Amino acid sequence: MSGWLIALFLAAAVAAAAAEAKAAPDWDLPDPFRMEDGSRVASSADWSRRRAEIRGLLLKHEYGASPSADTRVTATVGGVSYLFDGAASQRRATLTTGPDQAVAMTVELTLPTGKGPHPVMVCGDACWGSVPGLQRILERGYGVAAFDRTEVDPDTAERTKGARVLYKGEDWATISAWAWSFSRVIDWLITVPEIDDRRIVVTGHSRGGKAALLAGALDERVAVTAPNNSGCGGAAPYRIVDKGSETLEIITRAFPHWFVPGLREFKDDVTRLPFDQHFLLALVAPRGLLVTNALDDHWADPEGTQQTFLAAREVYRLLDAGGRAGITYRPGGHGHTEEDWATLVDFADHLFRRGKPERKFDALPFNGGKKAFRWSAPG
Ligand code: GTR
């Protein structure tokens, strides 16, 4: 080859590399297998060490750690009433916990009257109304424990009441307090004989989905974690943002109390974050994970969520649990619909081997299903 041709090739190669380097920050999610000491996870045996690092990163930079002291739960359970022609029983429990048992929350537990123990879906969104299609969920053999997470933290920027006031000197933020409230409900549920304590599902919508996701990520008693339309600060990435989606800058300005103040330091350059939300999804592995999305819910970044899901699925692959991570997209906008709940029941049936799976849980409607990151699971 002549000298000038070689020079031309070299120039083209340098230009291509430069273009790639420029595009990289937008199109790469951090490698969850890269340990803090620079080495890379080599096998599933290394994962628990890396998992502990990831947990630490997320609590430090994003949510704040919830207190582990004074978490004893006392339950006062009311009388039973019957619903749906006797097909379900319902009771209300008042749980108290925290310093001087001063944190109080009400849980409405509805169970099928058939033979148990029953799997149970735990949802903290009672502040937004009742579960749509409750009767259908019970008919499928699932109990529902509904509570109002805002009893534990009122969702206001001023820290004036709730668990974050009662526990003094802790740096946890609202989403962390809500996640903690799921765990206190579970503390009680596992003492209820009609409940199958190995089949606990946590779910929630939007900000409640962020909370359910963190709860399932941290509490290993949870068998299935199902954030619905959880978006920014939930299952959606900070780095890859769909047109019209919520950004780190917007969310930390509008809802400063949801996160530790330090998260906002990354507002001008999210590529400096030492994690992205696939790290949070990966904490759930190898337990069940179902990420439900709505195609027109652009604020919650359905396209970016496909990428965090694909990235977290690499961790599931490492742990030989690929089939336990699912993602679905329905038409329509932001909401926790009866259809979303039915999808979750189908997924739980599939994981709990209650009947044949009739559907798939790996919808990848964007980008031809292609990954927007360059690394993959070791091995
Ligand atoms: C929005 C917020 C989202 C989402 C939503 C909701 O205003 O920007 O992150 O949490 O509220 O909870 O419905």
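The structure this text deals with has already been given above.
What counts, and where the lines are drawn
- Residues numbered from 1 in each chain as written.
- Predicted model: local features only at pLDDT ≥ 70, side-chain atom pairs only at ≥ 80, totals over all residues.
- Heavy atoms only, no water.
- Phe/Tyr/Trp six-rings, centres within 6.5 Å; stacked < 30°, edge-to-face > 60°.
- Helix = DSSP H or I, 4+ residues; strand = E, 2+ residues; numbered from the N terminus.
- Buried < 20%, exposed > 50% of the residue type's maximum accessible area, 1.4 Å probe, protein only.
- Lys NZ or Arg CZ within 6 Å of the ring centre and 35° of its normal.
- Polar contact = N/O pair within 3.5 Å; in protein donor to acceptor, adjacent residues only side chain to side chain.
- Contact = heavy atoms within 4.5 Å.
- Near = heavy atom within 4 Å.
- Salt bridge = Lys/Arg side-chain N within 4 Å of Asp/Glu carboxyl O.
- Expected span 1.5 Å × (residues − 1).
- Axes fitted to C-alpha atoms, helices over the stretch in contact; angles between N-to-C directions.
- Parallel < 35°, antiparallel > 145°, perpendicular 65-115°, else oblique.
- Left-handed = near helix turned anticlockwise from the far one by under 90°.
- Nonpolar A, V, L, I, M, F, W, Y, C, P; charged D, E, K, R; others polar.
- Core = buried A, V, L, I, M, F, W, Y, C linked by side-chain atoms within 4.5 Å.
- 1 Å grid on protein atoms, 1.4 Å probe; cavity = no way out; pocket = protein on both sides within 12 Å on 5 of 7 lines; lining within 4 Å.
- Points joined across faces, edges and corners; volume = space filled by probe spheres on them.

Turning our attention to the packing of aromatic side chains. The full count for this structure, using the stated rule, is 12 aromatic pairs. Judged by centre distance (5.6 Å) and plane angle (80°), the ring pair of Y329 and F366 falls under edge-to-face. Highlighted residues: Y329 in strand 10 (residues 325-330) and F366 in the segment after helix 10 (338-351), separated in sequence by 37 residues. For F366, a relative accessible area of 18% gives the class buried. Through a chain of ring-to-ring contacts, three or more aromatic side chains come together here, namely F33, W47, F373 and W375. Over the aromatic face of W128 sits the side chain of R149, whose NZ or CZ is 4.7 Å from the ring centroid. If you follow R354 out to its NZ or CZ, it ends over the ring of Y142, 4.8 Å from the centre.

Let us look at the side chain of S245. Residue position: S245 is located in the loop between strand 8 (224-228) and helix 7 (248-254). S245 gets classed as buried once you look at its relative accessible area, which sits at 6%. At a separation of 2.7 Å, a polar atom in the side chain of S245 contacts the main-chain carbonyl oxygen of H298. With residues near it in sequence (within four places) discarded, S245 still touches H298, W299 and D301.

All right, on to the site of the ligand then. As a structural note, the neighbourhood of the ligand is formed by W128, S206, R207, K210, E246, I251, F255, W258, W299 and H334. Note that an oxygen atom of the ligand is positioned 3.4 Å from one of the side-chain N or O atoms of H334.

Here we come to the pattern of salt bridges. Under the defined criterion, the tally for this structure stands at 26 salt bridges. Residue D349 is joined to R140 by a salt bridge in which the shortest nitrogen-to-oxygen separation is 3.0 Å. Residue D349 is found in helix 10, and its partner R140 is found in the loop between helix 3 (134-139) and strand 6 (143-147); the two are separated by 209 residues along the sequence. With relative accessibility at 11%, the residue D349 sits in the buried group. Classification of R140 as partly exposed rests on a relative accessible area of 34%. One salt bridge in this structure joins D155 and R207, with 2.9 Å as the shortest N-O distance. With D155 in the loop between strand 6 and helix 4 (163-166) and R207 in helix 6 (residues 207-218), the pair connects residues that are 52 residues apart, well separated along the chain. Look at R207 and you get partly exposed, because its relative accessible area is 24%. What emerges from the salt-bridge pattern is a single network uniting R140, D346, D349, R354 and R359.

So, on to helix 10. With 14 residues, helix 10 extends 20 Å between its outermost C-alpha atoms, agreeing within 8% with the 20 Å of an ideal straight helix rising 1.5 Å per residue. Among the residues making up helix 10, those that are buried are D340, W341, T343, L344, V345, F347, A348, D349 and L351. Of the surrounding elements, those touching the buried residues of helix 10 are strand 5 (118-123), helix 3, strand 7 (195-205), strand 8, strand 9 (288-294) and strand 10. Count one or two residues on from helix 10 and you reach R353, which has phi positive near 55°.

So, about helix 6. Given a rise of 1.5 Å per residue, 12 residues ought to cover 16 Å, and the 17 Å separating the end C-alpha atoms of helix 6 matches this to within 8%. For helix 6, a buried count of 10 out of 12 residues is recorded, marking the element as mostly surrounded by other parts of the structure. Here helix 6 has its buried residues at G208, G209, K210, A211, A212, L213, L214, A215, G216 and A217.

The subject of this paragraph is the packing of helix 6 against helix 8 (residues 277-284). With their axes 7 Å apart at the nearest point, helix 6 and helix 8 run at an angle of 50° to one another. In terms of orientation, helix 6 lies oblique with respect to helix 8. Here the hand of the crossing between helix 6 and helix 8 comes out left-handed. Across the interface between the two elements, L213, L214, G216, A217 and L218 from helix 6 touch L280, L281, L283 and V284 from helix 8. Residue composition of the contact of helix 6 with helix 8, by class: eight nonpolar, one polar and no charged.

By size, the foremost hydrophobic cluster in this structure holds 85 residues, and its most contacted members are W47, L109, V122, L189 and Y238. If near-sequence neighbours (up to four positions away) are discounted, L189 is found in contact with L109, V120, V122, A145 and I195. Membership of the second largest hydrophobic core comes to 22 residues, among which are A88, L138, V224 and F347.

We now examine empty space enclosed by the protein. For the coordinates displayed, the defined rule picks out one cavity of 30 Å³ or more. When its volume is computed, the largest cavity comes out at roughly 70 Å³. What lines the largest cavity is a set of 15 residues, and nearest its centre among them are N229, S230, G231, N293 and A300. Those elements that place two or more of their residues in the lining of the largest cavity are strand 8, strand 9 and helix 9 (302-318). With four residues, strand 9 is the single largest residue contributor to the lining of the largest cavity. Taken together, the residues that form the lining of the largest cavity break down as seven nonpolar, seven polar and one charged.

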